[in-house]
Amino acid sequence: FRLLFEHARSCQSRTSTRNFAMSGSSSADRSEQTPSEARFRSQFKKTQLCYFFTQGSCRKGAGCKFAHGGVELESAPDLTKTSLCALFKEGKCPMPSSMCKFAHGYKELRATRVFAANRRPGLIDEHPSLEEDE
C-alpha cells in the first residue's frame, strides 16, 4: 500500500493539471494559455454538471463550460498512458507497466482524441533512451 501511495504522490503533478483544466480560471489566466493548454482544457468541457445551473443561478447560459443537465453531459477523456511515469523515469516505479496509469517509456504514450490529430511523427525516435523495462 505504501508503494502505491508514494507512486500516486510522485505523479501528483498530473492530477494538478487535470484540476487546473476544470477550475474556473479568470479571463487573465485564459489569455496566457498556450494553444496546447487551451486544447487540453477543451477536453473537459461539459464533463461535469454545473453547480450553479442545479441551483437555478448560472449566468453563463450557452457559454458555460459545465453541463446544464444530463443531455449535455460528456464523458471525460481517458488520460491513461498520456504522460510518462515520473518514477519509471527514475527507475523506481514499483508497478509493472500493465498496472501503472502512466506510460513506462515513449512507446507506450498515447494521445487523447483531441491531441491525436496533432501528434508529431517520430516522437518515439526522438527519445530512444527511455525503453520499456518491466
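Along each chain, residue indices are assigned from 1 in the same order as the chain's sequence is written. Totals for whole chains, interfaces and linings use every residue, but because this is a predicted model, local features are given only for residues with pLDDT of at least 70 and side-chain atom pairs only at 80 or more, for both listing and counting. With hydrogens and water set aside, each side-chain value is computed from the structure's full complement of heavy atoms.

### Remarks on the overall build of the protein chain
Line of reasoning, step 1. In this text, helices come from DSSP runs of H or I with a minimum length of four residues, and strands from runs of E with a minimum of two, each type numbered from the N-terminal end. From N to C terminus, the protein chain includes 8 helices and 0 strands.
Line of reasoning, step 2. Along the protein chain, helices and strands appear, N-terminal first, in the series α-α-α-α-α-α-α-α.
Line of reasoning, step 3. When burial is assessed residue by residue, the protein chain has 28% of its 134 residues classed as buried.
Line of reasoning, step 4. Only heavy atoms enter the contact rule, under which two residues are in contact if any of them lie within 4.5 Å. Restricting the contact set of the protein chain to residue pairs at least 6 apart, pairs at least 24 apart contribute 53%.
Line of reasoning, step 5. The method behind every accessible area is Shrake-Rupley, applied with a 1.4 Å probe, and residues are considered shielded solely by the protein chains displayed. Carbon and sulfur atoms make up 53% of the accessible area of the protein chain, which amounts to about 9400 Å² in all. Categorising residues by exposure relies on relative accessible area from a 1.4 Å probe, with only protein chains included: less than 20% of the type maximum marks a residue as buried, more than 50% marks it as exposed, and the intermediate range marks it as partly exposed.

### Remarks on unusual backbone geometry
Line of reasoning, step 1. Of note in this structure, Lys46 is not a glycine but carries a positive phi near 65 degrees.
Line of reasoning, step 2. Tracing the backbone shows Lys46 in the loop between helix H4 (35-42) and helix H5 (51-54).
Line of reasoning, step 3. A positive phi is found at Lys81, a non-glycine position, where the angle reads about 60 degrees.

### Looking at the pattern of salt bridges
Line of reasoning, step 1. A side-chain nitrogen of Lys or Arg and a carboxyl oxygen of Asp or Glu constitute a salt bridge if their distance falls within 4 Å. Applying the stated criterion across every chain yields a total of 3 salt bridges.
Line of reasoning, step 2. For Lys81, the salt bridge identified is with Glu108, shortest N-O distance 3.1 Å. Placement of Lys81 in the loop between H5 and helix H6 (86-89) and of Glu108 in the loop between H6 and helix H7 (113-116) is noted, with a sequence separation of 27 residues between them. Each of the two residues, Lys81 as well as Glu108, counts as buried.
Line of reasoning, step 3. The shortest N-O distance in the salt bridge between Glu90 and Lys92 comes to 4.0 Å.
Line of reasoning, step 4. Residue classification places Glu90 among the exposed residues on the basis of a relative accessible area of 52%.
Line of reasoning, step 5. Residue classification places Lys92 among the exposed positions, given a relative accessible area of 55%.

### Overview of the packing of aromatic side chains
Line of reasoning, step 1. Only Phe, Tyr and Trp rings take part, Trp by its six-membered ring, and two of them pair if their centres are within 6.5 Å. Stacked means planes under 30 degrees apart, edge-to-face means over 60, and tilted covers everything else. Summed over all chains, the structure comprises 2 aromatic pairs.
Line of reasoning, step 2. Ring centres 5.5 Å apart and planes at 80 degrees place the aromatic pair Tyr51 and Phe52 in the edge-to-face group.

### Some details on the side chain of Gln43
Line of reasoning, step 1. Within the secondary structure layout, Gln43 lies in the loop between H4 and H5.
Line of reasoning, step 2. Accessibility expressed as a relative area gives 10% for Gln43, which makes it buried.
Line of reasoning, step 3. By the criterion applied in these results, polar contacts are pairs of N or O atoms within 3.5 Å in which, for protein atoms, one can donate a hydrogen and the other can accept it, and in which residues neighboring in sequence qualify only through two side-chain atoms. A polar atom in the side chain of Gln43 sits 2.3 Å from the side chain of Thr112.
Line of reasoning, step 4. Contacts of Gln43, omitting those with residues within four sequence positions, involve Pro77, Thr112, Val114 and Phe115.

### Describing the confidence of the model for the protein chain
Line of reasoning, step 1. Looking at the protein chain as a whole, the pLDDT averages 77, with 63% of positions reaching at least 70.
Line of reasoning, step 2. Confidence per residue, as judged by the predictor, is encoded in pLDDT with a range of 0 to 100. For the protein chain, per-element mean pLDDT is lowest for helix H2 (residues 12-22), which scores 45, and highest for H5, which scores 96.
Line of reasoning, step 3. Scored below 50 in pLDDT, residues 12-22 shows 21 contacts in the model against residues more than four places distant or in partner chains.
Line of reasoning, step 4. Note that pLDDT drops below 50 for residues 124-128; the model gives that stretch 5 contacts with residues more than four away or on any other chain.

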